[in-house]
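Fold and geometry: a report
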Amino acid sequence: MKYISTRNKEIKVTSAQAIVNGLSNDGGLFVPETFPKLEKEDFDKLIEMSYPERAAKVLSMYLDDFSYEELLDYTTKAYSRFYGEDPCPLVNIDDGLYVLELWHGPTCAFKDMALTMLPHLLSAARKKTGETSKTLILVATSGDTGKAALEGFKDVEGTDIIVFYPSEGVSDMQKLQMMTQEGENVFVCAIEGNFDDAQSAVKTIFNDKDMQDKLLANGYKLSSANSINWGRLAPQIAYYVSAYCDMISSGKIEYGDKVNFCVPSGNFGNILAAYYASLMGVGVNKLICASNVNNVLTDFFNTGEYNTHRDFHKTVSPSMDILISSNLERLLFEFCGRDDKLMSERMNSLKKEGKYNVSVDELNKLNRIFAVGYATEEDTLSVIDSSLEVYDYLMDTHTAVATSVYYDYYDTTDDQTPTVIVSTANAYKFPCDVYKAIADEYVEDAKKATKKLFSFSGEEVPVPLADLDKKQIRFTKIINKANIADEVLNYTTLEKK
Ligand SMILES: *Cc1c(COP(=O)(O)O)cnc(C)c1O
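1. Considering the overall build of the chain
For the chain, the helix and strand inventory stands at 22 helices and 16 strands. Seen through its principal axes, the chain has C-alpha atoms that stretch 60 × 50 × 45 Å. When each of the 497 residues of the chain is scored for burial, the buried share is 62%. When contacts within the chain are restricted to residue pairs at least 6 apart in sequence, long-range pairs at least 24 apart make up 75% of them. For the chain, the accessible surface area stands at approximately 18900 Å², while carbon and sulfur atoms represent 46% of it. Positive and negative side-chain charges of the chain, numbering 51 and 74 respectively, have mean locations separated by a distance of 7 Å.

If you want it as structure tokens, here you go:
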């Protein structure tokens, strides 16, 4: 199967090339030429399989330069780094209400589901494409991608990784996780600005031919670990297929029945994977796209206009503080009939004017499968509190955003379809805000808040977060966003020496 660019269908590459390049030369995103289908017999087999086997099966349908055995080797290695028996357990918290916990990996956020896999895929893809220069992974992070990518790529041969994060835009725990990162091929740098500033600067480097020549002279080619890379997105499709299998095997639904997935969204990668799973044959009624007060997606699905001219808010769910959701480009590509010229115009308009529109017809089609909503800061904290009380379930701020939006959805629609809330982070990644929500007391220090949260809830602190105390701080640099490119060049020049 070949991959085409959303902005030019003439550009066709193999799955290995799509992973090595990250982004298409024309600035577009790679999407599969067609979507593979899972039949009932496939589900019958998948149900009997372990998670690494299920994931290898799903991936093998997209990545045809890789054999099933090869992929199984990678998924087995990747998911053995997770804590507990099941890498992504489906927890039944109420009648017809489930939580899909995607945070049992090495950095306690859902990014681990893909970023423990991507280094395996990328290393193999480099060999398959005969790549001789080193791969430089550039990451802009709103908090969780950075750490998960660093853990995934640390000391992986042939790769270096540089992560930029907004200095005031991530939680203390996220900051500490990144500042203490180990590994010889890693560099972490804070920037003055927000996530969109970091993401735009990184995207500009990807589109800057001159910059790429300079990097190549230093022996480097760029790639991306953000969800614009197909190698990030593909492993995410697997857990939707797996959750559906778990629901069938628990006897709660039958094959062919529909479920809702409610996903706390930022860059739109996670919920896009759910949409792709539905195209493969997972029974989906509604995909509920949950936002915080940075509700650009809510407005888009309500009006058909994507408009980034708005205030940026710092919230208690920082990994969703995003105004430019890159992966929406992939979704709209499908809904406009794969019109690459039109997508190209829209993305130009987004770059130049900060906005674009879709047609009424597209909007209607979108709203047949997507539902939207957003949670205020107050809603978010109140849901954390009530979930602990009602379900005895401790959730993080992002999961609470989704839960709050689901309650609103349920109240307005009375839709009785079984619903899976996608849980994207462990509560201890955001201990100060979670503790405030349940105890009504704000403790500023993340370590102290962690202790208090533990005494209050009795919920165990995951090993990777408990261990942070013992780690040395290695990265403290803060730069102006205008200097990101220089910083990157500098790193590669020093590495070369
Ligand atoms: C990245 C992230 C999100 C948003 O996911 P997208 O794929 O960018 O939409 C939500 N919650 C957490 C905890 C995250 O780390």
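2. What about the packing of aromatic side chains?
Evaluated as defined, the whole model comprises 27 aromatic pairs. A ring pair is formed by Tyr 51 and Tyr 79, whose centres lie 5.2 Å apart and whose planes are at 80 degrees; its orientation type is edge-to-face. With Tyr 51 in helix α3 (residues 51–62) and Tyr 79 in helix α4 (residues 68–79), this pair connects stretches of sequence that are 28 residues apart. Considered together, Tyr 51 and Tyr 79 belong to a single accessibility category, that of buried residues. Relative to Phe 456, the ring of Tyr 435 lies with its centre 6.2 Å away and its plane at 85 degrees, an arrangement referred to as edge-to-face. Here the residue Tyr 435 occupies a position in helix α19 (residues 431–439), and Phe 456 occupies one in helix α20 (residues 446–457), the gap between them amounting to 21 residues. Positioned above the aromatic ring of Phe 66, the side-chain terminus of Lys 128 is 4.7 Å from the ring centre.

3. Things to note about helix α8 (residues 172–179)
Along an α-helix, a turn takes 3.6 residues, which lines up residues three or four apart on a common side. With seven of its eight residues buried, α8 lies for the most part within the structure. Turning to α8, its buried residues number three or more, namely Met 173, Gln 174, Lys 175, Leu 176, Gln 177, Met 178 and Met 179. Among the structural elements, α7 (144–153), β7 (159–166), β8 (186–192), α19, α20 and α21 (463–466) are those in contact with the buried residues of α8.

4. A few points about the site of the ligand
Around the ligand sit 15 residues, and of these Lys 111, Asp 144, Gly 266, Asn 267 and Thr 424 come closest. A distance of 2.6 Å is found between an oxygen atom of the ligand and a side-chain nitrogen or oxygen belonging to Lys 111. Separating an oxygen atom of the ligand from a backbone N or O atom of Gly 266 is a distance of 2.7 Å. Its free accessible area being 380 Å², the ligand has 98% of it covered by the protein chains. Of the residues that constitute the shell around the ligand, the class distribution is five nonpolar, eight polar and two charged.

5. So, the sheet that holds strand β14 (residues 370–374)
Strand order in the open sheet formed by six strands is β4-β5-β15-β10-β11-β14, and the pairing between neighbours is mixed. Two strands in the sheet have a free side with no partner beyond their single neighbour: β4 (90–94) and β14. Strand after strand, the sheet turns through a mean of 25 degrees between neighbouring axes, direction not considered. The pairing of strand β5 (residues 97–101) with strand β15 (residues 419–423) spans five bridges and is parallel. What sits directly across from Glu 101, in β15, is Ser 423. On the sheet, helix α11 (residues 230–249) packs against β4, β5, β10 (259–264) and β15 and is oriented at approximately 140 degrees with respect to β10. Across the sheet, helix α13 (residues 296–303) is in contact with β11 (284–291) and β14; its angle to β14 comes to roughly 135 degrees.

6. Focus: the pairing of β11
Of all eight residues that make up β11, seven are buried, and the element is covered over most of its length. Once you follow β10 into helix α12 (residues 269–280) and on to β11, the crossover reads as right-handed. In this sheet, β14 lies alongside β11 in parallel orientation, the contact comprising five bridges. Within β14, the position partnered with Ala 290 by the bridge is Gly 373.

7. Overview of the pattern of salt bridges
Counted according to the given criterion, the structure contains 23 salt bridges. Asp 210 is the partner of Lys 214 in a salt bridge, and the nearest nitrogen-oxygen pair spans 3.4 Å. Taken together, the positions of Lys 214 and Asp 210, both in helix α10 (residues 209–217) and four residues apart, correspond to about one turn of that helix. Note that Glu 362 is salt-bridged to Arg 346, the shortest N-O span being 2.8 Å. One end of the pair, Glu 362, is in helix α16 (residues 360–369); the other, Arg 346, is in helix α15 (residues 340–353), with 16 residues separating them in the sequence. For the residue pair Glu 362 and Arg 346, the accessibility class agrees, reading buried in each case. One connected set of salt bridges, linked through shared partners, spans Arg 81, Lys 147, Glu 151 and Lys 154.

8. Here we look at the environment of Lys 481
One can find Lys 481 in the loop between β16 (478–480) and α22 (484–496). For Lys 481 and Phe 164, which are 317 residues apart along the polypeptide, the C-alpha to C-alpha distance reads 9.4 Å. If near-sequence neighbours (up to four positions away) are discounted, Lys 481 is found in contact with Ile 191, Glu 192, Asp 197 and Ala 201. Separated by 3.3 Å, the side chains of Lys 481 and Asp 197 make a polar contact.

Conventions and cut-offs
- Residues numbered from 1 in each chain as written.
- Predicted model: local features only at pLDDT ≥ 70, side-chain atom pairs only at ≥ 80, totals over all residues.
- Heavy atoms only, no water.
- Helix = DSSP H or I, 4+ residues; strand = E, 2+ residues; numbered from the N terminus.
- Buried < 20%, exposed > 50% of the residue type's maximum accessible area, 1.4 Å probe, protein only.
- Contact = heavy atoms within 4.5 Å.
- Areas by Shrake-Rupley, 256 points an atom, 1.4 Å probe, with all protein chains shown as cover.
- Lys, Arg positive; Asp, Glu negative; His and termini not counted.
- Charge placed at Lys NZ, Arg CZ, Asp CG, Glu CD.
- Phe/Tyr/Trp six-rings, centres within 6.5 Å; stacked < 30°, edge-to-face > 60°.
- Lys NZ or Arg CZ within 6 Å of the ring centre and 35° of its normal.
- Near = heavy atom within 4 Å.
- Polar contact = N/O pair within 3.5 Å; in protein donor to acceptor, adjacent residues only side chain to side chain.
- Nonpolar A, V, L, I, M, F, W, Y, C, P; charged D, E, K, R; others polar.
- Pairing = 2+ DSSP bridges.
- Axes fitted to C-alpha atoms, helices over the stretch in contact; angles between N-to-C directions.
- Right-handed = clockwise from strand over helix to strand, strands pointing away.
- Salt bridge = Lys/Arg side-chain N within 4 Å of Asp/Glu carboxyl O.

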